[in-house]
Amino acid sequence: AELRFEAFMANTPAAALIKDDSGRIVYANNAMLKFCGRQMPEVLGKTDHELWGPSSDTVRTQDRELLRSGRPLQYVLPLTCCDGAQHHFLVLKFPLAGEAGEPLVGVTAIDITEQQTAAELVARSEERYRLLFEDAPVAMHEIDRNGIITRVNRAGCLLAGYSREEIVGRHASEFVPPVEREQSRTAVRAKLSGAQPLAPVERSYQRKDGRVLRVEVHDTAIYTPNGAIQGMRTCLVDLTERYEARQ
């Protein structure tokens with residue numbers, strides 16, 4: 001059993017180590033040694049701070065919490081590698097008992113730097129889009145596949161004369177004059193099903209105060225990862241002044 005354990009630890013790509021209750025390392029596998037760029041004698045007896053410096057200062061707090069509660073912990077830990085590059089590890093810690101019953105901390109860690117970097121890029125992209133959407137000078141809103149408005153920007157609220165809370169959750173057709181609502185619902189269903197092309201169109205738009213505007217509608221489909229339409233993003237260009245000037 002011990003030989004199987006050693007073979008497993010020697011070949012697993014996950015970094016693994018065992019620490020005593022003072023935080024000093026009593027075991028490290030090959031993946032751990034490779035990551036920190038050291039040999040076993042340079043690692044045994046060392047603390048996380050001695051190996052990684054200040055970037056590991058929260059590790060000891062996690063160890064104490066584990067020893068106190070006896071419950072496993074899982075979290076993402078950023079660490080600076082021996083080459084100076086920062087890595088992110090998915091860490092699982094669990095309590096162990098030594099041969100004499102002494103409390104130990106078992107640790108396994110998987111390098112998720114690529115996944116973490118990708119997630120951060122997505123988060124930054126989403127934040128940029130959120131700011132562009134919110135601050136756009138043109139009225140914009142998004143609907144789900146049922147035609148329900150899920151988000152609206154500041155310009156959209158100003159155009160409608162409603163607050164954001166009064167718009168989100170309502171069907172897009174509720175913002176046209178009553179006599180046109182059934183036609184609007186039919187058009188929304190056709191667009192979401194892909195039966196009607198998403199071409200610019202003019203229509204009436206009714207504000208909260210009852211005033212009817214003339215707007216140009218520009219729809220863009222929102223797709224699921226498998227290519228199905230899951231909603232639409234709509235821009236509304238107010239043409240009212242132009243129409244009134246002609247009259």
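Residues numbered from 1 in each chain as written. Predicted model: local features only at pLDDT ≥ 70, side-chain atom pairs only at ≥ 80, totals over all residues. Heavy atoms only, no water.

Relative to the elements of secondary structure, Asn11 occurs in helix α1 (residues 2-11). The exposure class of Asn11 is exposed, given its relative accessible area of 64%. On a C-alpha basis, the gap between Asn11 and Ser56 in space is 25 Å, while along the polypeptide they are 45 residues apart. (Helix = DSSP H or I, 4+ residues; strand = E, 2+ residues; numbered from the N terminus. Buried < 20%, exposed > 50% of the residue type's maximum accessible area, 1.4 Å probe, protein only.)

A separate point is the nonpolar core. The biggest cluster of nonpolar side chains holds 23 residues, and the ones touching the most others in it are Ala28, Met32, Val43, Leu51, Trp52, Leu77 and Val91. Where this core is concerned, the elements lending two or more residues are β1 (15-20), β2 (25-28), α2 (30-36), α4 (48-52), α5 (57-69), β3 (73-80), β4 (86-97) and β5 (103-111). With five residues, α2 is the largest single contributor of residues to this core. Not counting residues within four places of it along the chain, the set of residues in contact with Ala28 comprises Ala16, Leu17, Leu33, Met40 and Val43. (Core = buried A, V, L, I, M, F, W, Y, C linked by side-chain atoms within 4.5 Å. Contact = heavy atoms within 4.5 Å.)

This part is about the pattern of salt bridges. Taken as a whole and judged by the stated rule, the model has 16 salt bridges. As a salt-bridge pair, Glu50 and Arg24 come within 3.3 Å of each other at their nearest N and O atoms. Placement of the pair is Glu50 in helix α4 and Arg24 in the loop between β1 and β2, with a sequence separation of 26 residues. Since its relative accessible area comes to 40%, Glu50 is described here as partly exposed. (Salt bridge = Lys/Arg side-chain N within 4 Å of Asp/Glu carboxyl O.)

This part covers a nonpolar patch on the surface. On the surface, a cluster of nonpolar side chains totalling about 230 Å² of accessible area is made up of Val76, Leu90 and Ile110. You can see Ile110 is positioned in strand β5. Given a relative accessible area of 49%, Ile110 falls into the partly exposed group. (Patch = residues over 30% accessible without salt bridge, like charges linked within 9 Å, V, L, I, M, F, W, Y side chains within 5 Å. Areas by Shrake-Rupley, 256 points an atom, 1.4 Å probe, with all protein chains shown as cover.)

Our next topic: the sheet that holds β2. In a beta sheet, neighbouring strands pair by backbone hydrogen bonds and run either parallel or antiparallel. Reading across the sheet, the five strands line up as β2-β1-β5-β4-β3 and stay open at both edges, with antiparallel pairing between neighbours. With one partner strand each, in any of the chains shown, β2 and β3 form the two edges of the open sheet. Strand after strand, the sheet turns through a mean of 30 degrees between neighbouring axes, direction not considered. Inspection of the sheet shows β3 paired to β4 by eight bridges, in the antiparallel sense. The residue of β4 that forms the bridge with Gln74 is Leu92. Helix α6 (residues 113-135) contacts β3, β4 and β5 of the sheet and is inclined by roughly 125 degrees relative to β4. (Pairing = 2+ DSSP bridges. Axes fitted to C-alpha atoms, helices over the stretch in contact; angles between N-to-C directions.)

Strand direction decides the pairing type here: strand β6 (residues 139-144) and strand β10 (residues 229-238), joined by six bridges, are antiparallel. Bridge pairing links Glu142 to Arg233 in β10. As judged from the nine bridges shared by strand β9 (residues 212-223) and β10, these two strands associate in the antiparallel manner. Across the sheet, residue Ala221 finds its bridge partner in β10, namely Met232. Remark: five residues form the turn of the hairpin made by β9 and β10, two consecutive strands paired antiparallel; Gly227 in that turn has positive phi of roughly 95 degrees.

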